[in-house]
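Residue-level structure breakdown
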Amino acid sequence: MISTGRKPRNAGFTLTELIVVIAMISVLMTIATPYYLDWLRNAKYREGAQAVTALLREARSRAIAEHREYRVVFNAAPDSPQAPSTMQLQGGNLSYNSSSWPIMETPVTLSENLDIRYRSSCTLNVAAQSVLFLPSGAASATAAIEASSPDLGGICIIDGDSAIAALNDRKKYLVEMVSPTTGAFKVRKWNASSTSFQ
């Protein structure tokens, strides 16, 4: 066998290569972490808006399928983590003008640090507001939820942290009643730069 004078290299990485890779991973993590945390916070707000929308759709579907009134009752919490905002599905005993409203499911509690307010201004915080669905699929809402110029009607999902002084910094999503005739709702996201729901 002819010797070339070189030692055979062992398989593996050198210490320098490992330090370079660890440094690159550290830089990437430093850059990505704020975006990931922001994504997690926004996921919580999206989840709250989706929970509201899902319960409204279920109420509408049941009203049509069972040919009786259904309503979703919203209880906006005060600015306190000890009393979270809740919503519950109630079924009427008649097709119209129900006199009895038994609770159909366990009340849904919004995630920690999420609150419900009403209209696009997100300033109304009154308890026990509701959206009623008729067997035709049409919807009506209590006065606090209905549109009142210049406000859009709907249920506003806000950050429950009352330490945030500016309400515009707390607004996140609006579940807006688009058409009372069809009972359709639309989810709009708050755009801080234009200070409106998009």
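Just so we're clear, the structure is a prediction, and the values are computed from it rather than from any experiment. (Residues numbered from 1 in each chain as written. Predicted model: local features only at pLDDT ≥ 70, side-chain atom pairs only at ≥ 80, totals over all residues. Heavy atoms only, no water.)

1. Describing the packing of aromatic side chains
Basically, it comes down to this: Only the six-membered ring of Trp is used, alongside the rings of Phe and Tyr, when aromatic pairs are assigned; centres must lie within 6.5 Å, and planes under 30 degrees apart are stacked while those over 60 apart are edge-to-face, with the rest tilted. Strands here mean DSSP runs of E at least two residues long; helices mean DSSP runs of H or I at least four residues long; both are numbered from the N terminus. Burial classification: accessible surface area is computed with a 1.4 Å probe over protein chains only, and a residue below 20% of its type maximum counts as buried, one above 50% as exposed, and the rest as partly exposed.
Throughout the structure, instances matching the rule amount to 3 aromatic pairs. Considering the side-chain rings of phenylalanine 133 and phenylalanine 185, the 6.2 Å spacing of their centres and the 55° angle between planes classify their relative orientation as tilted. In this pair, phenylalanine 133 sits in strand E5 (residues 129-133) while phenylalanine 185 sits in strand E9 (residues 184-191), placing the two residues 52 residues apart along the sequence. Taking 4.9 Å as the distance between ring centres and 70° as the angle between the ring planes, the aromatic pair formed by tryptophan 190 and phenylalanine 197 counts as edge-to-face. When its relative accessible area of 11% is taken as the criterion, tryptophan 190 is described as buried. A relative accessible area of 8% means that phenylalanine 197 is categorised as buried.

2. A look at the side chain of glutamine 90
Stated precisely, the cut-off is as follows: N or O atoms closer than or at 3.5 Å make up a polar contact, with two conditions inside protein: a donor-capable atom paired with an acceptor-capable one, and, for residues adjacent in sequence, both atoms drawn from side chains. Note on definitions: a residue-residue contact is assigned when non-hydrogen atoms from the two residues lie within 4.5 Å.
Along the chain, the position of glutamine 90 falls in strand E2 (residues 86-91). Side-chain polar atoms of glutamine 90 contact the side chain of arginine 71, separated by 2.6 Å. A polar side-chain atom of glutamine 90 sits 2.8 Å from a polar atom in the side chain of glutamine 88. Not counting residues within four places of it along the chain, the set of residues in contact with glutamine 90 comprises Tyr70, Arg71, Val73, Trp101, Pro102, Ile103 and Met104.

3. Things to note about the pattern of salt bridges
Selection criterion: By definition here, a salt bridge exists when the distance from a side-chain nitrogen of Lys or Arg to a carboxyl oxygen of Asp or Glu is within 4 Å.
Here the structure, examined in full by the defined rule, presents 5 salt bridges. Put simply, arginine 62 and glutamate 58 hold a salt bridge, and the shortest N to O gap is 3.4 Å. Taken together, the residues span about one helical turn, with arginine 62 and glutamate 58 both in helix H1 (residues 15-66) at a distance of 4 residues. For glutamate 58, a relative accessible area of 26% puts it in the partly exposed group. Salt-bridge contacts for arginine 117 lead to aspartate 115; the nearest nitrogen and oxygen are separated by 3.9 Å. For the pair arginine 117 and aspartate 115, a shared accessibility class is recorded, and that class is buried. Each of Glu58, Arg62 and Glu105 takes part in salt bridges that share partners, so that together they form one network.

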